Amino acid sequence: SQTIHQWPATLVQPVGSPLSLECTVEGTSNPNLYWYRQAAGRGLQLLFYSVGIGQISSEVPQNLSASRPQDRQFILSSKKLLLSDSGFYLCAWSSGSRNSPLHFGNGTRLTVT
Amino acid sequence: GIQVEQSPPDLILQEGANSTLRCNFSDSVNNLQWFHQNPWGQLINLFYIPSGTKQNGRLSATTVATERYSLLYISSSQTTDSGVYFCAVGMGRGNEKLTFGTGTRLTIIP
């Protein structure tokens, strides 16, 4: 069965420091991969998605970037964190076929101080 | 873009009660999913249901695409059902353009 791993679970970083969050999927090949952010409250905002190695689509221009160096690895990065980058970051995957449900990792709670 | 409204925003019930959560959307969709976010933040996919009815144990969902709404039914609620329930919709069949609702926060009291 497929599993998705995301780490770290929590992170406290000072303003101006770099960020790297990693997500890997097991048990499937060529998945679609996604990074979401959930700010305080409820809304989920899609940040990036990828349909293949090296293919990244950005939904929201901001201080973050994403990379997909391997088929089942998705990385969210920042060179310099802002206070507004605080939030709950969720990686997700779905099959590349149509009508495929979305499955989330356990998330990373990021606090920028 | 497509608008998604969930109701009620908050719901408090005794253990054993039944509940109905509603998701209205403003345009035709080919993708509709229900998720449960537990108090620890974990998001679990409950149903992929752009139309029709599905059941999984005590949970069932019905989407009436022509009338632009979906309902999630929870029967015999348990405390583990607490959390926030989201619906997400998209006009395409893929997940690249999903719009999430703001959720219904369900609290089950023992």
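Residues numbered from 1 in each chain as written. Chains lettered and ligands numbered in written order. Predicted model: local features only at pLDDT ≥ 70, side-chain atom pairs only at ≥ 80, totals over all residues. Heavy atoms only, no water.

K.L.:
Where do I start with the sheet that holds strand β8 (residues 73-78) of chain A in this structure?
P.N.:
In any sheet, the strands associate via hydrogen bonds between backbone groups, in a parallel or an antiparallel arrangement. Residue and element names in this part refer to chain A. Taken together, the 4 strands give an open sheet; going across it, the order is β1-β3-β8-β7, and neighbouring strands pair in antiparallel fashion. What marks the edges here is a single partner per strand, and that holds for β1 (3-7) and β7 (65-70). Neighbour-to-neighbour, the strand axes of the sheet open up by a mean angle of 20 degrees, direction not taken into account. Pairing of β1 with strand β3 (residues 19-26), which is carried by 5 bridges, proceeds in the antiparallel orientation. For His5, the partnering residue across the bridge sits in β3 and is Thr24. (Pairing = 2+ DSSP bridges. Helix = DSSP H or I, 4+ residues; strand = E, 2+ residues; numbered from the N terminus. Axes fitted to C-alpha atoms, helices over the stretch in contact; angles between N-to-C directions.)

K.L.:
Any chance you could explain the state of the cysteines here in plain terms?
P.N.:
Covalent bonding between the sulfur atoms of two cysteines defines a disulfide. Inspection of every chain in the model, using the stated rule, returns 2 disulfides over all chains. Each sulfur in the disulfide pair Cys23 of chain A and Cys91 of chain A lies 2.0 Å from the other. Judged by the torsion about the S-S bond (-75 degrees), the Cys23 of chain A/Cys91 of chain A disulfide is left-handed. Residue Cys23 of chain A is found in strand β3, and its partner Cys91 of chain A is found in strand β9 (residues 87-94); the two are separated by 68 residues along the sequence. At a sulfur-sulfur separation of 1.9 Å, the disulfide partner of Cys23 of chain B is Cys87 of chain B. Because the torsion about its S-S bond is 65 degrees, the bridge between Cys23 of chain B and Cys87 of chain B counts as right-handed. In this pair, Cys23 of chain B sits in strand β3 (residues 19-25) while Cys87 of chain B sits in strand β9 (residues 83-90), placing the two residues 64 residues apart along the sequence. Of the two residues, Cys23 of chain B and Cys87 of chain B, neither departs from the other in class, the shared state being buried. (Disulfide = S-S within 2.5 Å. Buried < 20%, exposed > 50% of the residue type's maximum accessible area, 1.4 Å probe, protein only.)

K.L.:
Sorry if this is basic, but what is going on with the interface of chain A and chain B here?
P.N.:
The figure often quoted for interface size is the accessible area lost as the parts come together. Facing 22 residues of chain A, the contacting portion of chain B comprises 23 residues. Summed over both partners, the interface of chain A with chain B buries about 1800 Å², with 51% contributed by carbon and sulfur atoms. Across the salt bridge formed by Glu59 of chain A and Lys97 of chain B, the nearest N and O atoms sit 3.4 Å from each other. Looking at the side of chain A that touches chain B, the elements with two or more residues in it are β4 (32-38), β5 (44-52), β9 and β10 (103-104) of chain A. Looking at the side of chain A that touches chain B, its residues break down into 11 nonpolar, 7 polar and 4 charged. (Contact = heavy atoms within 4.5 Å. Buried area = accessible area lost by both parts, 1.4 Å probe. Salt bridge = Lys/Arg side-chain N within 4 Å of Asp/Glu carboxyl O. Nonpolar A, V, L, I, M, F, W, Y, C, P; charged D, E, K, R; others polar.)

K.L.:
Where do I start with the environment of Trp7 of chain A in this structure?
P.N.:
Residues and elements named next belong to chain A. Position of Trp7 among the secondary structure elements: in strand β1. In this structure, the C-alpha to C-alpha distance between Trp7 and Thr108, residues 101 residues apart in sequence, is 6.5 Å. Filtering out sequence-adjacent residues up to four positions away, Trp7 remains in contact with Leu21, Glu22, Thr24 and Thr108.

K.L.:
Looking at this model, I keep getting lost on the pairing of strand β2 (residues 10-14) of chain B. Mind explaining?
P.N.:
Sheet faces and side chains relate simply in a regular strand, where the side chains alternate between the two faces. All names here are of chain B. Burial along β2 is one-sided: Leu11 and Leu13 are buried, while Asp10, Ile12 and Gln14, pointing the other way, are not. The pairing of β2 with strand β11 (residues 104-109) spans 5 bridges and is parallel. Paired with Leu11 across the two strands is Leu106, which belongs to β11.

K.L.:
How should I be thinking about the nonpolar core in this particular structure?
P.N.:
Here is a general trend for soluble globular proteins: nonpolar side chains tend to be buried in one another's company. Counting 22 residues, the largest nonpolar core has Trp34, Leu72 and Val89 of chain B as the members making the most contacts within it. Contributing elements (two or more residues each) for this core: β2, β3, β4 (31-37), β5 (43-48), β7 (59-64), β8 (69-74), β9 and β11 of chain B. Residues Leu33, Leu64, Ala66 and Val112 of chain A belong to the second largest nonpolar core, which totals 20 residues. (Core = buried A, V, L, I, M, F, W, Y, C linked by side-chain atoms within 4.5 Å.)

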